[in-house]
Amino acid sequence: MMNFEGLDPGLGEYAPGLHGGLEPGLDSSMDPRLDPSLLQAVELDPDSLAVPVSESMHIVEGMYSELHSVAAEVGIPVTATHFDLQEELLWMGNHRGHASSFFGPTMGRYSSFQVHMTDDIRHIQSMDTGVLFLTKTNLKCLTRGGLIMFDYPMEEGADMHSLILTDNNTLLMGGLQNYVAELDLTTVQETQKFTVEVPGVAIMRQSNRFFFCGHTSGKVSLRDLRTFKMEHEFDAFSGSLSDFDVHGNLLAACGFSSRGLNGLSCDRFLMVYDLRMMRAITPLQVHVDPLFLRFIPTYTSRLAIISQTGQCQFCEPTGLANLADIFHVNTVGQLLMSFDVSSSKQALSFGDSGGCVHLWSSAPEVSFNSYSRETELALPCLVDSLPQLDWNHELMPLSLLPMPLTSTEPLLSDWPTSLITPSPRRAPLVDPEILRTMKTVGFIGYAPNPRTRPRNQVPYKIKDTELEYDSYNQVPESPIGRDEEPHLYMVPKKYRKVTIKYSKLGLEDFDFKHYNRTLFAGLEPHIPNAYCNCMIQVLYFLEPVRCLVQNHLCQKEFCLACELGFLFHMLDLSRGDPCQASNFLRAFRTIPEASALGLILADSDEQTGKARLGHLIQSWNRFILAQLHQETLEQEGPQAYRGASSSTLGSSGESVIGRLFGCEVENSSLCRCGKETVRSSLTLLFTMHYPEQRSLDKMIEEYDFAEILKKSICLEQSTQAWCDNCEKYQPTLQTRNIRCLPDVLVINCEVNSAKEAEFWKAQTEYAYNKALKKEASEPPKPKEPLPTEWCLEEELCSVEGLTFDTQAEDMRHVWIPLSLKMCISKTQGLEVSSLSEGEELTESEEAEGASVYDLVVTVSHIQHARTGGNLVAHIKVGETYHQRKEGVTHQQWYLFNDFLIEPIDKAESAHFDVNWKVPAVLYYVKRNYHAKYDLRIKNPIDASVLLTEASLARKQRKSHATFIPLMVSEMPQASDLVGLDAEFVTLNQEEAELRSDGTKSTIKPSQMSVARITCVRGQGPNEGVPFIDDYISTQEQVVDYLTQYSGIKPGDLDAKISSKHLTTLKSTYLKLRFLIDTGVRFVGHGLQKDFRVINLMVPKEQVFDTVYLFHMPRKRMISLRFLAWYFLDLNIQSETHDSIEDARTALQLYRKYSELSHNGGQEEFRKVLKALYEKGRKQDWKVPDIDSADGQGSPKSTAVFPSVMGL
């Protein structure tokens, strides 16, 4: 961004063009400002517009002279030029959004294409795969041939001017707005925004220490490479900044000074700053009016200063300018608008207001880059020069014949289904003679060979193929999808079971964003019993339930309400990263009722598909509501955590779960003798009951969903029951009526057999036919468009595998209504009816107490014959969740399939094709039901959790204490340092397979459990002294204590024989949650894995991980032991690991890092890291014996590494 106000009057005509748009009707032939002499010097050749250099021109080696000039578009100002960093190409962009590239020093035209229809191109940046073009309102990436790779629009009101690549996949963009945006080029998504104190970031540069931002106000700010926080600021010019550049320890800037009422004038003094002392040195006076400047460090750090009229001067930034060093760019009276220097420093490019690009060079054989890759040039058409093909030659491949590919005719290679259907042959039956004479020893049978068949041969009968052996008869005729399992072809990909691909880095390089581009958090599926992930999401998106469990805290060790509250807190903090419900499922496995109901699956059941997931999730739904109702209803005894506020439900005697889901029902039993027994109870959900089919041949009758629902709620059935009056079992008529309507109506669909599936399928057909007839009788209505503004990509809005073209098509496979009207009449009779979209209650219906229920949740079982399928949920996410995550008020349906989350259309939520998608659970909520509930969340965890507590171990003595609890005066504050380390044990071993190429593929990672957590003080007189050193008791079987790495021995976690300070996981979890909520900063080594296993979500700004502090990009991670030996001269972990020692060492390493970064700066710290990696390679990353004979110890010396205070 350059401010040209107050400059040469000739440039003033173009000044509006730099800030707005040039006249759209500007034409080169009619432009009065176009100098006719320009056309005399340029030959407009249609093949190439290059102007050859006259033969008499002689380029002096080392001196810059004009090599070529090219007129790209005559009369259209060239607003950006750029030398390609990978190939020998020069790029230019003009005021009308057109880009062109020229090849090599001869500047032959390579490519030309339109980037933007109206806006000017303001910045060009080449990458390995393409070229980035920045305009005012968008960023576009195209290949060097002009094919679009992506088009990223900016936010409304953005006015972008500059960009800079921070690494291969990330860039920063700045402009006249008050923020700088960071963009991930891999996903083409904005990752974060950095607010700038001084708006108008028009120029950006980068060194190995800082980001440099040039502002339109005349200031240059220096910002941290990681956090983008401002570290220093130079007030260079009083008017505006024109250009600046950075080289080594020098920063040079040119700009405009304010001249009072006369506006701005170009300042002939360049401001030069020393970045070591962060102050200005003697300004450099030059003899031209500087508009651009660049460092051209060849033999010396010389500066090139360019004026608007084409004058160029070279000078040293700390010396005096010499008039002899001035040369002139022949622009034929036009003004220079852009300037760039090649990476080899051999070439300069200038773009002027007349549409010309000038190439200057310091050598006759100029190369733009030191090592350029070969440019792919367009090949001439080879159709006329095809070789003669001998049709009679047997080995001549027919693929050499050029053939157009048409989409209307089928290909010969697209074989029909009958020819491509796999026909596996059954193994032949064992000869009866062998079975008759066989003798069994153990499980092995021995028999003589009757020799009725040839040895190792089986007759191959083509005609006797058994198609019924496997149901592969539904393979589509198109070759699309043949590489996938045939019985999955009808299931859209987003509904299929998602799995995590593990690598040697575990989950670090798995792209979860590919599956979830929203800000909501998915759940990982690899944990045992994770089939309930979809129902956990359902409960989370019910606002009263979320607030209830997050306010709940009790003294029970395994409380599902507490664990759900902890998990929901993580889902709140996550910004699209997946979470795992490991602690919740750990507590779930300990509940006896869950085991009795068969809700806890063995690993073999999950993997082999033996579990009936549809029936299972309905039982789980009934169990979790009853369990939460019981846990939140219980009166709390003595406080488990001193001072922690108990659940607000404990004292009220009424559970929020009961108020939300509960419905008081009246069960009546009428015996044939006339005696009637009436009992009242509370039910939390209802189960669908379908009418009995008397005959298999009889056609299924048509029913309305509301009718079936009413009969299921007000159930009537005859059964044998005990009658006290008759004193024997008698046929009894049992009826059920409800006295009130629940706020949330939960329905278990009970489609658990083929019989119910056929009934559901028939009803969807009836509903679809009815919709077709209705649509045929009514004039067509325009369909409501999909909410594309909430889709992150256009592809997301086209629902894969499902098309909704018309309103009748919306009703295909749909039976359940999106809204219901329910009321209880004065005669205590329940009335249920479907409510069409947009229909509201009348005043009389509201007076009678009628309520409208909207569908918000559907849980489906996706069928799969071999694996048992998977469970998914459609959830209508409310406004409050979008407000917290995205800052917008909006409602939207989403599909939740473990860690895959996608927005969907509302019609898809009620779509059930029972061939592959079977309904399991439905949730209807009363409109505006939130109003009667307190939705505030008060964190129930307070500082009392850190105070002294008793150990579970019976043998522990105070003399064995390894930590000193915090005193009240030592309570941590925000930004306090805490050293942390955790040790783990293995509950389940890793499952892996060995591929044919010898590599290992992880199928299921090992399941770890935290065994010890240590926290040490990070400041104060007791710095380094532990205040938490908890061993975590576990009731699950440990298969490997990992003693060599964890220091945990068998018996340490057993309360009967342990001498350690043994606590529950919940107790220690609360301590860490309190520290996180307080805002302390954790220091440790490998904390990412520690927090993952502990199941905690910690904001990134609260974690200082020494693994990454002492790490160079694209290099290996360094162990704590090697870092301690190298920097601290400590020999740790020699025999086994100790978490107190590791936490202290990490804290000391952080102090060392702070010391090195502060004293020497980033450049010196990089040298230290290089020396560290060099030493590591020499040592093979092994710590030598400190007392070895060669005396090779730590390289630490007091001169280079000042000693760190021991903890």
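The coordinates are above.
Residues numbered from 1 in each chain as written. Predicted model: local features only at pLDDT ≥ 70, side-chain atom pairs only at ≥ 80, totals over all residues. Heavy atoms only, no water.

What follows deals with the side chain of Asp 245. With respect to the helices and strands, the residue Asp 245 is situated in strand S19 (residues 240–247). Owing to a relative accessible area of 9%, Asp 245 belongs among the buried residues under this scheme. Polar side-chain contacts of Asp 245 include one of 2.8 Å to the backbone nitrogen of Phe 295. The residues touching Asp 245, leaving out its near neighbours within four places in the chain, are Arg 205, Leu 250, Leu 251, Ala 252, Leu 293, Arg 294 and Phe 295. (Helix = DSSP H or I, 4+ residues; strand = E, 2+ residues; numbered from the N terminus. Buried < 20%, exposed > 50% of the residue type's maximum accessible area, 1.4 Å probe, protein only. Polar contact = N/O pair within 3.5 Å; in protein donor to acceptor, adjacent residues only side chain to side chain. Contact = heavy atoms within 4.5 Å.)

So, on to the packing of helix H8 (residues 560–573) against helix H22 (residues 1065–1078). Put simply, H8 and H22 touch, their axes get as near as 13 Å, and they point 30° apart. On the basis of their axis angle, the class for H8 and H22 is roughly parallel. As H8 runs across H22, the sense of the crossing is left-handed. Taking contact as the criterion, the partners of Cys 562, Phe 566, His 569 and Met 570 in H8 are, on H22, Lys 1066, Tyr 1069, Leu 1070, Arg 1073 and Asp 1077. Considered class by class, the residues forming the contact of H8 with H22 number five nonpolar, one polar and three charged. (Axes fitted to C-alpha atoms, helices over the stretch in contact; angles between N-to-C directions. Parallel < 35°, antiparallel > 145°, perpendicular 65-115°, else oblique. Left-handed = near helix turned anticlockwise from the far one by under 90°. Nonpolar A, V, L, I, M, F, W, Y, C, P; charged D, E, K, R; others polar.)

With that settled, the discussion passes to the nonpolar core. By size, the foremost hydrophobic cluster in this structure holds 106 residues, and its most contacted members are Tyr 531, Ile 536, Ile 617, Trp 620, Phe 661, Tyr 923 and Phe 1082. For this core, the element with the highest residue contribution is H8, accounting for nine residues. With 55 residues, the next largest nonpolar core counts Ala 706, Ile 713, Val 832 and Val 914 among its residues. (Core = buried A, V, L, I, M, F, W, Y, C linked by side-chain atoms within 4.5 Å.)

Let us now look at the packing of aromatic side chains. Counted by the stated rule, this structure contains 50 aromatic pairs. Between Tyr 495 and Trp 916 the ring centres are 5.4 Å apart and the planes differ by 70°, which places this aromatic pair in the edge-to-face class. Of this pair, Tyr 495 sits in the loop between strand S33 (444–446) and helix H6 (533–540) while Trp 916 sits in the loop between helix H20 (906–909) and strand S46 (917–926), placing them 421 residues apart in sequence. Look at Tyr 495 and you get buried, because its relative accessible area is 0%. The exposure class of Trp 916 is buried, given its relative accessible area of 3%. Aromatic rings pair up to connect Phe 1104, Phe 1110, Phe 1122, Trp 1125, Tyr 1126, Phe 1127, Tyr 1150, Tyr 1153, Phe 1165, Tyr 1173 and Trp 1181 into one cluster. It is Lys 193 that lies over the ring of Tyr 179; its NZ or CZ is 4.5 Å from the centre. Lying over the aromatic face of Tyr 881, Arg 884 brings its terminal NZ or CZ to 4.7 Å of the ring centre. (Phe/Tyr/Trp six-rings, centres within 6.5 Å; stacked < 30°, edge-to-face > 60°. Lys NZ or Arg CZ within 6 Å of the ring centre and 35° of its normal.)

The next point concerns the sheet that holds strand S18 (residues 230–235). If you walk across this open sheet you meet the four strands as S15-S16-S17-S18, and the pairing is antiparallel. In this open sheet, the two strands that pair with only one neighbour each are strand S15 (201–206) and S18. For this sheet, the mean angle separating the axes of adjacent strands, direction not counted, is 20°. In this sheet, strand S16 (residues 210–215) lies alongside S15 in antiparallel orientation, the contact comprising five bridges. Bridged to Gln 206 within S16 is Phe 211. (Pairing = 2+ DSSP bridges.)

Treat this as a map of the structure, not an account of what it does.
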